[in-house]
Amino acid sequence: MGAVPQSKIENPKSKMTRILAIETSCDETAAAVIKDGRQVLSNVVATQIEIHAKYGGVFPEVASRMHVETIVPVVSEAIEKAEVTWNDLDAIAVTYGPGLPGSLLVGVNVAKGLALGRGLPLIGINHLEGHVYSHWLRVPGDGMAPDELKFPLLFLIVSGGHTELILMRDHLTYEKLGATADDASGEAFDKVARLLRLGYPGGPKIEKIAVEGNPHAFKFARPKIDGEFAFSFSGIKTAVLRAVQNYGPIGPGGSIAAKVPIKDLAASFQHGVIDQLVGKTIAAADKFGATAILLSGGVSANKLLRYVMKSKAHVPVYWPPLWLCTDNAAMIGAAAHFRYLAGHRADWNLDIDPNLKLVD
Ligand code: KG4
Ligand code: ZN
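Residues numbered from 1 in each chain as written. Chains lettered and ligands numbered in written order. Predicted model: local features only at pLDDT ≥ 70, side-chain atom pairs only at ≥ 80, totals over all residues. Heavy atoms only, no water.

Focus: the sheet that holds strand 3 (residues 28-35)
With mixed pairing, the five strands of this open sheet are ordered in space as 4-3-2-5-6. Bordering the open sheet on either side are strand 4 (39-47) and strand 6 (122-126), each of which pairs with just one other strand. Taken over all neighbouring pairs, the strand axes of this sheet differ in orientation by 20° on average, direction set aside. Where strand 5 (residues 91-97) meets strand 6, five bridges bridge the pair, whose relative direction is parallel. Within the sheet, the bridge partner assigned to Gly97 lies in strand 6 and is Asn126. Its contacts with the sheet put helix 2 (residues 60-82) on strand 2 (18-23), strand 3 and strand 4, and the angle it makes with strand 3 is roughly 20°. Contacts from helix 3 (residues 101-118) reach strand 2, strand 5 and strand 6, with the element oriented near 160° to strand 5. (Pairing = 2+ DSSP bridges. Helix = DSSP H or I, 4+ residues; strand = E, 2+ residues; numbered from the N terminus. Axes fitted to C-alpha atoms, helices over the stretch in contact; angles between N-to-C directions. Contact = heavy atoms within 4.5 Å.)

Digging into the packing of aromatic side chains
Tallying each qualifying case throughout the model produces nine aromatic pairs. With centroids separated by 4.7 Å and ring planes inclined at 35°, the aromatic side chains of Tyr133 and Trp136 adopt a geometry described as tilted. Residue Tyr133 shares its accessibility class with Trp136, and that shared class is buried. Here a set of aromatic residues connected by ring pairs shows up, and it is made of Tyr133, Trp136, Phe151, Phe155 and Phe338. Over the ring of Tyr340 we find Arg345; its NZ or CZ atom is 4.0 Å from the centre of that ring. (Phe/Tyr/Trp six-rings, centres within 6.5 Å; stacked < 30°, edge-to-face > 60°. Buried < 20%, exposed > 50% of the residue type's maximum accessible area, 1.4 Å probe, protein only. Lys NZ or Arg CZ within 6 Å of the ring centre and 35° of its normal.)

Regarding the site of ligand 1
As a structural note, the neighbourhood of ligand 1 is formed by 21 residues, with Gly160, Asp190, Gly203, Glu207 and Gly298 the closest of them. One of the backbone N or O atoms of Gly161 is found 3.5 Å from an oxygen atom in ligand 1. Contact distances for ligand 1 include 3.1 Å between an oxygen atom and a side-chain N or O atom of Asp327. Within the complex, the protein chains bury 89% of what would otherwise be the 560 Å² of accessible surface of ligand 1. When residues of the shell around ligand 1 are traced back to their parent elements, those giving at least two are helix 4 (127-133), helix 5 (185-195) and helix 6 (202-210). Broken down by class, the residue content of the shell around ligand 1 amounts to six nonpolar, 12 polar and three charged. (Near = heavy atom within 4 Å. Polar contact = N/O pair within 3.5 Å; in protein donor to acceptor, adjacent residues only side chain to side chain. Areas by Shrake-Rupley, 256 points an atom, 1.4 Å probe, with all protein chains shown as cover. Nonpolar A, V, L, I, M, F, W, Y, C, P; charged D, E, K, R; others polar.)

This is how it looks when you write it as structure tokens:
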């Protein structure tokens, strides 16, 4: 985990764990209690989506202030709903990166204070590792991975901040096969939705309206980029902008011409993004002999992405239920269980790392 201030301690005290996890990397204030990395005893998420929708995206200062206001009640609710006492807990886990600095700081400082006050070990978790380990949680869901997964596994992490193809040959071991060269796929959904005046967050809005549009009305060429498994989404975003401008200039407040075929543009854009994600992911799974493809992150909530990936892949494709695709603390608790068993503990000087990578 890069320059992570974590020390390795052998022989963890038990194999059965109950971990309180805290996640505040972006715009969700979340806490959860996870048993053995598998069972969700509680999962509380206070979303700020409605507040940020007014700004058309996450407003960092507002996000950190909201975290400050909600973190204590969210943690208390997670403990209460899990029906555990502080004495039942083995550790406190917290996301320390990547994410918005002001948001991460709230979670990390609260986690440190609680760990110190309650005499519990602290475990720092990479947010992306959380998305990976969301697949180990045992919860109801139609696309859930089976109890036992066989390595190597291929993860496509697609969110507002990330688009990465990660190969996992063993627990806590990652190889980055490729990532986006520019915008993250979720970011592209959000920007195109803003351009088409559909609102925030863009992914669900585009997915909904695209159902009524023709995905072949506009042909967006696949990007030509270096790197066999690298992605690029800024070209398709600019192509949508050009198409909109063909119908008339964009007004000062962002207004677009009434003739703009919004549904067709949304459907064609979504088709282009999915085509790229699916093509590269399946090629990577084939090349590295992955036993399964696992989708994680907010964009994996997209039903067409799931459907196309599943129908074209040569290995099974899994995705967590919607509430585990978007940001939550349950996934942080699942990852923390494996780190706890491996003996990882954070030092008291654990600091946030807004640009933390899963693989250096
Ligand atoms: O993982 P996430 O909740 O937060 C980050 O860590 O970024 O992902 C949020 C992103 C947003 O960009 C949102 O537009 C996108 O996930 N998203 C979707 C869908 N639902 C959420 N993108 C495409 N289709 C969806 N149904
Ligand atoms: Zn995320």
